[in-house]
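Given next are the chains, with one letter for each unit.
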Amino acid sequence: MAVVGTHMEQEIHALIVRWAEAVHRGDLDTVLADHSDDIVMFDVPPPHDGVRGLSAYRETWPGFFEWQASGARFEVVELEVTAGEDVAFAWALLRCNTEEGLARDPAQRLRLTLGLVRAENRWLVTHEHHSFADTSSP
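Residues numbered from 1 in each chain as written. Predicted model: local features only at pLDDT ≥ 70, side-chain atom pairs only at ≥ 80, totals over all residues. Heavy atoms only, no water.

A. Main features of the sheet that holds strand S5 (residues 110-119). Reading across from one edge, S2-S1-S6-S5-S4-S3 is the order of the 6 strands in this open sheet, with mixed pairing throughout. Bordering the open sheet on either side are strand S2 (51-52) and strand S3 (73-83), each of which pairs with just one other strand. One ladder, built from 10 bridges, connects S3 with strand S4 (residues 87-97); its direction is antiparallel. By the bridge assignment for S4, Phe74 is matched with Cys96. Of the strands in this sheet, strand S1 (35-42), S3, S4, S5 and strand S6 (122-131) touch helix H1 (residues 7-25), which is tilted by about 160° from S3. (Pairing = 2+ DSSP bridges. Helix = DSSP H or I, 4+ residues; strand = E, 2+ residues; numbered from the N terminus. Contact = heavy atoms within 4.5 Å. Axes fitted to C-alpha atoms, helices over the stretch in contact; angles between N-to-C directions.)

This is the structure:
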């Protein structure tokens with residue numbers, strides 16, 4: 001995956017790749033490292049009104065890490081970043097499934113959208129949204 005863009009966009013790109021690699025390894029400290037205390041996350045599983053705050057965000061990961069350790073993949077396949085001086089957003093597509101699941105549906109992608117702010121000379125994720133396309137109807 002080629003990285004182009006401004007220095008700030010490159011910083012954010014590296015932050016997201018580092019985060020995704022930490023998710024894949026089950027490294028909670030690195031997953032949390034670049035998130036704000038007041039993070040808001042909308043995830044695939046409930047609660048439908050989101051998870052608010054770093055402590056609640058932290059609590060969402062252990063179950064996912066257990067599933068991930070069963071042999072699932074979590075890898076960025078496409079990533080775009082747009083950054084201003086102190087606000088940025090990014091979107092990514094990830095492979096997120098077991099080998100069997102990816103064999104059944106190789107085109108399936110987890111969609112990720114992030115909102116970030118620059119504070120104290122570093123980028124922090126303040127909003128995170130994960131989703132899968134609804135394939136239940138033709």
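B. Quick peek at the pairing of S5. In terms of strand pairing, S4 meets S5 through 8 bridges, oriented antiparallel. Paired with Ala90 across the strands is Leu114, a residue of S5. With 9 bridges connecting them, S5 and S6 associate as antiparallel partners. Each bridged residue has a counterpart across the sheet, and for Thr113 the counterpart in S6 is His129. What sits between S5 and S6 in their antiparallel hairpin is a turn of 2 residues, with Glu120 showing a positive phi close to 50°.

C. Local environment of the packing of aromatic side chains. Considering all chains together, one arrives at 7 aromatic pairs under this definition. Here Trp19 and Phe74 contribute two aromatic rings whose centre-to-centre distance is 5.6 Å and whose plane-to-plane angle is 70°, an arrangement assigned as edge-to-face. Of this pair, Trp19 sits in helix H1 while Phe74 sits in strand S3, placing them 55 residues apart in sequence. Summarising the aromatic geometry, the rings of Tyr57 and Trp61 are spaced 5.8 Å apart at their centres and angled 75° between planes, so their arrangement reads as edge-to-face. Aromatic rings pair up to connect Trp19, Tyr57, Trp61, Phe64, Phe65, Trp67 and Phe74 into one cluster. (Phe/Tyr/Trp six-rings, centres within 6.5 Å; stacked < 30°, edge-to-face > 60°.)

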